[in-house]
Each structure stands twice: as structure tokens, then as C-alpha cells.
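Here's the letter readout for the chains.
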Amino acid sequence: MKETVRLKETQDIIEKIVSINRVTKVTKGGKKMSFSALVVVGDAKGRVGMDLGKANDVAGAIKKGIAKAKNSMIPIALSGSTIAYETMGIFGAARVLLKPGSPGTGVIAAGPVRAVCECVGISDILTKCLTTNNPLNVIKATIEGLRSIRLEGRNKAFKSDKKILDEELKD
């Protein structure tokens, strides 16, 4: 039996809505409209999550997206206000180049990548989206690139074992 430990909701969570899409399905009875909302959440201390919420109205889609994104938050290794070294995140056709920035650089990034960086708590970074502009794939590539960064002494926090992650986050 798996034990799951939930984090308290007293933390300050940053919520960013990246895109809202209207989807129309044509059926025998007419057109059925629904909405999807791409949401990124983070605590600005090295944890980020993203998800796609779908509902018949915009508010419901946003609410579902935020709830699912909070449950899928993962830890990211930060080196002060930037990342430790240059990396490339790849997901599908999307490739995102992430370079550490010197203090005072700011976040040089496009919309979806900027949302992820701000939610993680990165304030100095240089980025470039390569090959595609699809926000969903760009966000997943950015998170994959950030997730691949390892810092000496913190590698145990990135193992897939849920118990180790929860213990690390409690401290």
C-alpha cells in the first residue's frame, strides 16, 4: 500500500494562465463548445507544476487546471537566482535552450518559458525556443530541461521515490 503525504496549502502558490483555447465539436445535434486552459503553478522556491484543464466554461477549465497542476508539482535544482549550467529541454518537436544569467540579467524568455521560470523562482536566465511555438510542448520541454539539472549533494532529491521527495520537502 502506497503512502502519499500531501503538502499543506498554506504555502504561497503562483498561478499563471498561459493559454485558453476554445474547442468546438460538431455533432449530429449541432456544435458543442468547450474550453481548455493551460496553467503553470509554482512556489517560487524551486517547485513547479503544469497541467491542461478542460471544461464547458473558462472558469471551470482554469480551476481544474490549477488543481491538477498543484498535484503534479516537481522540485527543480536552483543555483541562487539562476540555473547551474546551460541545458537543452526537448519534448516532442519543441526544443528550449536554457542558459544561466549573471545577477541583474532578468528573465529573457518568451511567454510560456517566462511563466515557468517565474513560477520556479528563477530571476536571471537566458532562453531561446527552437523549432516550435506550441505552448504546451514548449512548457513541457522547459520543465524537462530544468528537471535534468543536477546539483552536487542534492541528487537524492531527484529520485523517483516519493518518500524521499516528501521527506526532503518537509525539511
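Look up: the structure comes first, before these words.
Quick caveat, the model's predicted, so the values are computed rather than measured. Residue indices begin from 1 for each chain and proceed along its sequence in written order. Whole-chain, interface and lining totals are the exception, using all residues; otherwise, since this is a predicted model, local features are given only for residues with pLDDT of at least 70 and side-chain atom pairs are given and counted only at 80 or more. Hydrogens are left out, water is left out, and the side-chain values use all remaining heavy atoms of the structure.

Caption draft 1: Quick peek at the pairing of strand S6 (residues 94–100). Should DSSP find at least two bridges between two strands, the strands are taken to pair. Under the DSSP-based scheme used, a helix requires at least four consecutive residues in state H or I and a strand at least two consecutive residues in state E, with every element numbered from the N terminus. For strand S5 (residues 87–91) and S6, the ladder comprises five bridges, and the chain directions are antiparallel. Bridge pairing in S6 places Thr-87 opposite Leu-98. In textbook terms, the turn of a hairpin is the stretch between consecutive antiparallel strands, and for S5 and S6 this stretch comprises two residues, one of which, Gly-92, has a positive phi near 60°.

Caption draft 2: Quick peek at the packing of helix H2 (residues 111–120) against helix H3 (residues 135–147). Lines are fitted to the C-alpha atoms to define the axes, a helix being fitted only along its stretch in contact, and any angle between axes, read from their N-to-C directions, falls within 0 to 180 degrees. Between H2 and H3, the least distance of the axes is 8 Å, while the angle of their chain directions is 40°. Classified by the interaxial angle, the pair formed by H2 and H3 is oblique. Crossing of H2 over H3 shows right-handed handedness. Contacts between H2 and H3 involve Pro-112, Val-113, Val-116 and Val-120 from the first element and Pro-135, Val-138, Ile-139, Thr-142, Ile-143 and Leu-146 from the second. Here the word oblique covers every angle except those under 35 degrees (roughly parallel), over 145 (roughly antiparallel) and from 65 to 115 (roughly perpendicular). For a crossing to be left-handed, the near helix must be turned anticlockwise from the far one by less than a right angle; the clockwise case is right-handed. Contacts are assigned to residue pairs with any non-hydrogen atoms lying within 4.5 Å of each other.

Caption draft 3: Highlighting the sheet that holds S5. Sheet architecture is open: four strands sit in the order S5-S6-S8-S7, paired in mixed fashion. Both edges of this open sheet fall to S5 and strand S7 (107–108), since each of them pairs with a single strand only. Here S7 runs beside strand S8 (residues 125–130); their pairing, made up of two bridges, is parallel. The partner of Val-107 across the bridge, within S8, is Ile-125. Running at roughly 145° to S8, H2 makes contact with S6, S7 and S8 of the sheet.

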